[in-house]
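# Residue-level structure breakdown
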Amino acid sequence: MKPGGRIADSALGRKQLVLLIAVVASLAGLVVGLSANKAIWEGWVTDRLFQLRANFIQSGETASAPVAVVGLDQASLDSERLSRIPRVLMTPVMAEAGQAVIDAGATAVGFDFVFAYSADSFVDPSTGEARLSGFDRPFQTFAYRNRGKVFIAHTEIGVPHRSFTAAIGAGGVRSVIVSTDNDGIVRKHTPQLPLNDSPHLIDALLGAAGSDVSEAFVSIPDSRLATSLPYMSLIDVLTLSQSEEGRAALKEFSSGRIVLFGGLLPFEDEHLYSDRFLPHVSAADVETGPGGRPRVQPQTAGVFILADVIGAALSDRYAVAPPRGLLTALSFAFAAVGAAAGLFLPLMVLPLIAVFGIAAGIGVSLAGLEAGILIAPGVAPVSCVMAIVTAAVGKVSILQRRQRSLVRLFGHYLAPDVIKHMATSEQLPELGGDTRHVVVAFIDIVGFTKMSEKLADRDVVRVVNACFDRIGQTITKHQGYIDKYIGDAIMAVWNAPNTVDNPEQSAVDAAHEIIASLDEIKEITGEAGLDLRIALNAGPVLVGDIGGEHRRSFTVMGTTVNTASRVESVAKDKKVRLALSQSVADGLPKRYPLQEIWTGQLRGLSTEIAVYTLDVPEIYMEKSSASTEEENRQPKSNLLEFPR
């Protein structure tokens, strides 16, 4: 058998097309989904992921946070003690505060200040006198005494004065430069091993705290840093260090922690950080010095970012890149599900499926965060949505185009549910040249010639159309196919081009219903003398297109068709409205009240056949002798079993 038919694809059948679309959609979802990794918008989604986690999963920062911040804020600068001191001359103050927190039990101290200026080098321009000689000695002494425990900062454009570098040692000066993602947001830190020898301040403090972090990580903040990290103003530290009670409070604040000193003035050393969408923590739920906290700014102070990155590494509140191959496997899985949904689900539900796919992808990323793995949150949702779109487009543009072609071809001949079944049937591409077992019916308008002689042409057309319309409705209702109109007759087929489970029964039921509706047809047409004659025969036929390149017709051909037309002559001779061959009778259930009306050799055939009718009153055009002679051959009880 060769593939063919009007709407059959010349190269691929439906199964192959479905498989091809599924593969293409899955690959498209895979490629586009993986391209979402590190996309410009992915960082925004990641930050929103942190927001979801903060609101629905995590429990928030606790008092055991491993890092605390001491800030040079506006409250400190406005205090009585510090208001008259220029910021570049605060090294003695920093030394005093730094020593206070170390004495209170701090593990290590980091200064997010460059200390690029030394007051010792100041000379009075009018007299040449070095008036501030020795001014920075307290800080230099503090730095020297606490080497390996105290670290100061350098940046790309700022380095500490050589006097401070000499005091603290080369290993005490570390970089506070933070790297940003491609959207300008700080998220990731890549430690350099060994930590104690790393040029980064973050790594030096992690090494001092005994951390073993060894790979790039993204800290997972729980809340807005400015509201949640343990915090004291610089003036609070200075004040508390002056009393026994204050030193006890300072010990509670500093003991066992890394303490970072940094500037907290608005618009100085601020960055966009991944805490930007997170909720604020109530002041009553977080450690804060007596002077309170500075106002939360749109961006996050650099010292808070350093504190959070260090604290995340020390408390395992971070995520690392997924294992090799995990993103690819995840992307392909979501793409495969999306492709299946796009192919097999109705178009109207696909937007809802896409939403479910996005939610499932985000759920996987949230689960990954809890396991310490940062699964790019855009990969799975994009893979799923892209596969859905690709599969749906393929279905509409290829598969449904084939179905629409089928509807246009058979829409006037078959019931809608039959067409739908054919459109999804795997047999459809093989119709051209296929041998099928069918039932062929010829339905003739009796007395058409006499009727046409007395009616105007347009009335004849009206009567025929009305009659054929009613008959056609019944044929399609019983899964039949109207092959052609032949003048005043209809040729119908069961089991081609669609598949009918019991074509003999469907054909006989349709014929009986057509005959039972004869009075209705007479009323519709207005022709009281109109009558019908139906002949049925079953057997093998050749099903497919015939014709040439420019004109084709779908039909059935073979001896079975010719025999059906000959059976009609028996119906005419025996004056019955329905005649069916032995091959049709053999396919009927026993409850059908069959009556043999003729046995012999039909014209053009070499073998004898038996012809039957249904022994019910409406089948007979008039009480013929044949029916009288044969009425005792069929038990009358069968009439009650035949469904009317």
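Shown above is the structure to which this text applies.
Quick look at the structure, then. If you're wondering where the values come from, they're calculated on a predicted model, not measured in any experiment.

### A word on unusual backbone geometry
The peptide bond linking L193 to P194 adopts the cis configuration, its omega dihedral lying at -5 degrees. Its location among the elements puts P194 in the loop between β5 (188-189) and α7 (201-208). At the junction of A496 and P497, the peptide bond is cis and its omega measures out at 0 degrees in the coordinates. With respect to the element layout, P497 can be found in the loop between β14 (489-494) and α18 (503-516). Phi is positive for K38, close to 70 degrees, though the residue is something other than glycine. Checked against the element boundaries, K38 lands in the loop between α1 (14-35) and α2 (42-56). Backbone geometry places K575, a non-glycine residue, at a positive phi of 55 degrees. A relative accessible area of 36% places K575 in the partly exposed class.

### Regarding the packing of aromatic side chains
All chains considered together, the criterion is met by 13 aromatic pairs. With a centroid separation of 5.1 Å and an interplanar angle of 55 degrees, the aromatic rings of F217 and Y318 are classed as tilted. Here the residue F217 occupies a position in strand β6 (residues 217-219), and Y318 occupies one in strand β11 (residues 318-319), the gap between them amounting to 101 residues. Grouping residues by exposure puts F217 and Y318 together as buried. By way of ring pairs, the aromatic residues F111, F113, F115, F139, F142, F164 and F261 are connected into one cluster. Its guanidinium or amino end placed over the ring of F277, R48 lies 3.7 Å from that ring's centre, counting from NZ or CZ.

### Let's talk about the side chain of N146
Residue placement: N146 occurs in the loop between α5 (137-145) and β3 (150-154). Judged by its relative accessible area of 9%, N146 falls in the buried class.

### Observations concerning the side chain of D47
Residue placement: D47 occurs in helix α2. Note on D47: relative accessible area 0%, which makes it buried. Apart from the residues lying within four places of it in its own chain, the contact partners of D47 are I185, R187, S274, R276 and F277.

### Looking at the pattern of salt bridges
Taken as a whole, this structure holds 18 salt bridges when the rule is applied. One salt bridge connects R470 with E520, and the closest N-O pair in it is separated by 3.2 Å. One end of the pair, R470, is in helix α17 (residues 457-477); the other, E520, is in helix α19 (residues 518-525), with 50 residues separating them in the sequence. Exposure remark for E520: the relative accessible area of 38% places this residue in the partly exposed category. Residues joined in a network through salt bridges with shared partners are D47, D181, D183, R187 and R276.

### Some words on the nonpolar core
Counting residues in each nonpolar core, the largest one holds 55 residues, and the members touching the most others are I471, I475, L532, L536, L578 and L580. Discounting chain neighbours no more than four positions away, the residues touching L536 are V439, V440, A441, A507, V508, A511, V567, L578, A579, L580, S581 and V584. Membership of the second largest hydrophobic core comes to 39 residues, among which are L82, F142, I168 and I235.

### A look at helix α10 (residues 244-254)
For α10, every residue scored as buried is listed here: G246, L250, F253 and S254. Looking down the long axis of α10, one finds its buried residues gathered within 80 degrees of arc, a one-sided arrangement. Exposed and oriented more than 90 degrees from the buried face of α10 are E244, E245, K251 and E252. Buried-residue contacts for α10 involve β1 (67-72), α4 (91-103), β7 (231-233), α9 (234-240) and β8 (258-263). G256 occupies a position one or two residues after α10 and carries a positive phi of about 75 degrees.

### Some points on the packing of helix α12 (residues 326-344) against helix α13 (residues 350-370)
Two elements in contact, α12 and α13, have axes whose closest approach is 11 Å; the angle formed by their N-to-C orientations is 165 degrees. If you check the angle between α12 and α13, you find them roughly antiparallel. Regarding α12 and α13, the two cross each other, and that crossing is right-handed. Between α12, through L330, F334, A341 and G342, and α13, the contact on the second element is made entirely by L350, I353, G357, A360, G361 and V364. The residue makeup of the contact of α12 with α13, split by class, is 7 nonpolar, 3 polar and no charged.

### Some points on the layout of surface pockets
Taken as a whole, the largest pocket encloses approximately 700 Å³ of empty space. Taken together, 26 residues form the lining of the largest pocket, with D112, F113, V114, F115 and T155 sitting closest to its centre. Mapped onto the lining of the largest pocket, the elements with two or more residues apiece are α4 and α11 (302-314). Counting residues per element, the lining of the largest pocket draws most heavily on α11, which supplies 3 residues. Class assignment of the residues belonging to the lining of the largest pocket gives a composition of 15 nonpolar, 6 polar and 5 charged. Every residue lining the second largest pocket is counted, 24 residues in all, and those nearest its centre are N37, K38, E42, K188 and L374. Those elements giving two or more residues to the lining of the second largest pocket turn out to be α2 and β6. Residue composition of the lining of the second largest pocket, grouped by class: 13 nonpolar, 4 polar and 7 charged.

Calculation criteria
Residues numbered from 1 in each chain as written. Predicted model: local features only at pLDDT ≥ 70, side-chain atom pairs only at ≥ 80, totals over all residues. Heavy atoms only, no water. Helix = DSSP H or I, 4+ residues; strand = E, 2+ residues; numbered from the N terminus. Buried < 20%, exposed > 50% of the residue type's maximum accessible area, 1.4 Å probe, protein only. Phe/Tyr/Trp six-rings, centres within 6.5 Å; stacked < 30°, edge-to-face > 60°. Lys NZ or Arg CZ within 6 Å of the ring centre and 35° of its normal. Contact = heavy atoms within 4.5 Å. Salt bridge = Lys/Arg side-chain N within 4 Å of Asp/Glu carboxyl O. Core = buried A, V, L, I, M, F, W, Y, C linked by side-chain atoms within 4.5 Å. Arc of directions from axis to C-beta. Axes fitted to C-alpha atoms, helices over the stretch in contact; angles between N-to-C directions. Parallel < 35°, antiparallel > 145°, perpendicular 65-115°, else oblique. Left-handed = near helix turned anticlockwise from the far one by under 90°. Nonpolar A, V, L, I, M, F, W, Y, C, P; charged D, E, K, R; others polar. 1 Å grid on protein atoms, 1.4 Å probe; cavity = no way out; pocket = protein on both sides within 12 Å on 5 of 7 lines; lining within 4 Å. Points joined across faces, edges and corners; volume = space filled by probe spheres on them.

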